[in-house]
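Working through the structure, step by step
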Amino acid sequence: MSDRENFSNDPGRVVGIDFGTVRIGIAVSDPGRVLASPLENYTRQGEQQDRQRFVRLAAEEEVKLFVVGLPVHLDGGESQKSAEARQFGKWLAEVTGVAVEFFDERFTTSQAEQFLYDANLTSKRRKRRLDMVAAQIILSSYLEADSHRGDDPGALDD
């Protein structure tokens with residue numbers, strides 16, 4: 001059995017990360033991995049403070065997995081931001097001892113912007129919530145994709 005299969009059978013919270021060099025959006029799932037909720041926007045404060053925040057987050061939420069959004073180009077190619085997100089994910093796994101997976105985050109920021117705009121929030125309120133809502137969208141997409149892994153899609157004529 002692969003690590004992925006072991007993870008899928010092990011209930012617990014998953015945390016979605018919308019990585020940024022200044023702010024990091026954070027969303028968290030319920031223990032059953034059905035719902036994703038925005039948790040916070042964390043403003044980076046330096047390696048020691050960042051380490052403390054993520055170690056505390058992993059412990060408080062009993063995190064089983066971090067899902068870091070991976071910014072990729074429309075053609076699927078990776079960029080400098082992709083490399084930075086991968087480096088952050090490696091660091092996150094090392095400091096927390098929690099596994100990290102990467103998930104395509106194409107269009108999540110624009111989806112989050114549209115969602116917040118449709119909610120009739122002021123520009124200031126939209127800006128304060130943007131990164132954590134993007135993290136929520138990354139996490140929701142990941143959870144939905146994970147729930148269908150291994151499902152037989154069935155025939156079209158059923």
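Summarised in this report is the structure supplied together with it. This one's a predicted model, so the numbers in the text were calculated from it and none came from an experiment. (Residues numbered from 1 in each chain as written. Predicted model: local features only at pLDDT ≥ 70, side-chain atom pairs only at ≥ 80, totals over all residues. Heavy atoms only, no water.)

**A word on the overall build of the chain**
Put simply, the test is: By the criteria applied, helices consist of DSSP H or I runs no shorter than four residues and strands consist of E runs no shorter than two, each listed in order from the N terminus. Classification of residues uses two cut-offs on accessible area relative to the type maximum, computed with a 1.4 Å probe and protein chains only: under 20% is buried, over 50% is exposed, and between them is partly exposed. Only heavy atoms enter the contact rule, under which two residues are in contact if any of them lie within 4.5 Å.
Within the chain, the secondary structure is distributed over five helices and five strands. A burial count over the chain gives 40% of its 158 residues as buried. For the chain, the proportion of contacts with a sequence separation of at least 24, taken over those separated by at least 6, is 61%.

**Things to note about the pattern of salt bridges**
Short version of the rule: Salt bridges are counted wherever a side-chain nitrogen of Lys or Arg sits within 4 Å of a carboxyl oxygen of Asp or Glu.
Enumeration according to the criterion identifies six salt bridges in this entry. The partner of E61 in a salt bridge is R13, and the shortest N-O contact between them spans 3.4 Å. Linking E61 in the loop between α2 (47-60) and β4 (63-70) with R13 in strand β1 (residues 13-18), this pair joins segments that are 48 residues apart in sequence. E84 serves as the salt-bridge partner of K81, at 3.6 Å between the closest nitrogen and oxygen. Separated by three residues within a single helix, K81 and E84 lie in helix α3 (residues 80-96), roughly one turn from each other.

**Looking at the environment of I26**
The topology assignment puts I26 in strand β2 (residues 23-29). The contact partners of I26, leaving out residues within four places of it in the chain, are V15, G16, I17, P38, L39, E40, Y42, F54, L57, M132 and A135.

**Brief notes about the nonpolar core**
Operational definition: In these notes, a set of buried Ala, Val, Leu, Ile, Met, Phe, Trp, Tyr and Cys residues joined through side-chain atoms within 4.5 Å is what counts as a nonpolar core.
Counting 22 residues, the largest nonpolar core has V15, I17, I26, F54, F66, F88 and L92 as its most contacted members. For this core, the secondary-structure elements that each account for two or more residues are β1, β2, α2, β4 and α3. No other element matches α3, which puts five residues into this core. When near neighbours in sequence (up to four residues on either side) are disregarded, F54 contacts I17, I24, I26, Y42, F66, F88, W91, L92 and T96. With eleven residues, the next largest nonpolar core counts V14, A27, L65 and Y142 among its residues.

**Points about the environment of I17**
Looking at the secondary structure, you find I17 in strand β1. The buried category is assigned to I17, whose relative accessible area is 0%. Along the sequence, I17 and G69 sit 52 residues apart, while their C-alpha atoms lie 6.0 Å from each other. With sequence-adjacent residues up to four places away left out, I17 is seen in contact with I24, G25, I26, F54, F66, V67, V68, G69, F88, L92, A135 and I138.

**Points about the packing of aromatic side chains**
Each aromatic ring pair is characterised by the separation of its centres together with the angle its planes make. Keep this limit in mind: A pair of aromatic rings is counted whenever rings of Phe, Tyr or Trp (Trp by its six-membered ring) have centres within 6.5 Å, and the orientation is called stacked for planes under 30 degrees apart, edge-to-face for over 60 and tilted otherwise. Each ring is checked for a lysine NZ or an arginine CZ that lies within 6 Å of its centre and within 35 degrees of its normal; such an atom marks a charge sitting over the ring.
Tallied over the full model, the rule gives six aromatic pairs. Consider the rings of Y42 and F54, whose centres lie 5.7 Å apart with planes at 80 degrees: the pair is edge-to-face. Highlighted residues: Y42 in strand β3 (residues 36-43) and F54 in helix α2, separated in sequence by twelve residues. No difference in accessibility class separates Y42 from F54, as the two residues are buried. Seen from their ring centres, F54 and F88 are 5.8 Å apart, and the 75 degrees between their planes marks the pair as edge-to-face. Separated by 34 residues along the polypeptide, F54 in helix α2 and F88 in helix α3 bring together distant segments of the chain. Each of the two residues, F54 as well as F88, counts as buried. Three or more aromatic residues link up through ring pairs in this structure, and these residues are F19, Y42, F54, F88 and W91. For the cation-ring pair, R86 lies above F102, with the distance from its terminal atom to the ring centre recorded as 5.0 Å.

Spatial relationships are all this shows, so hold off on functional conclusions.
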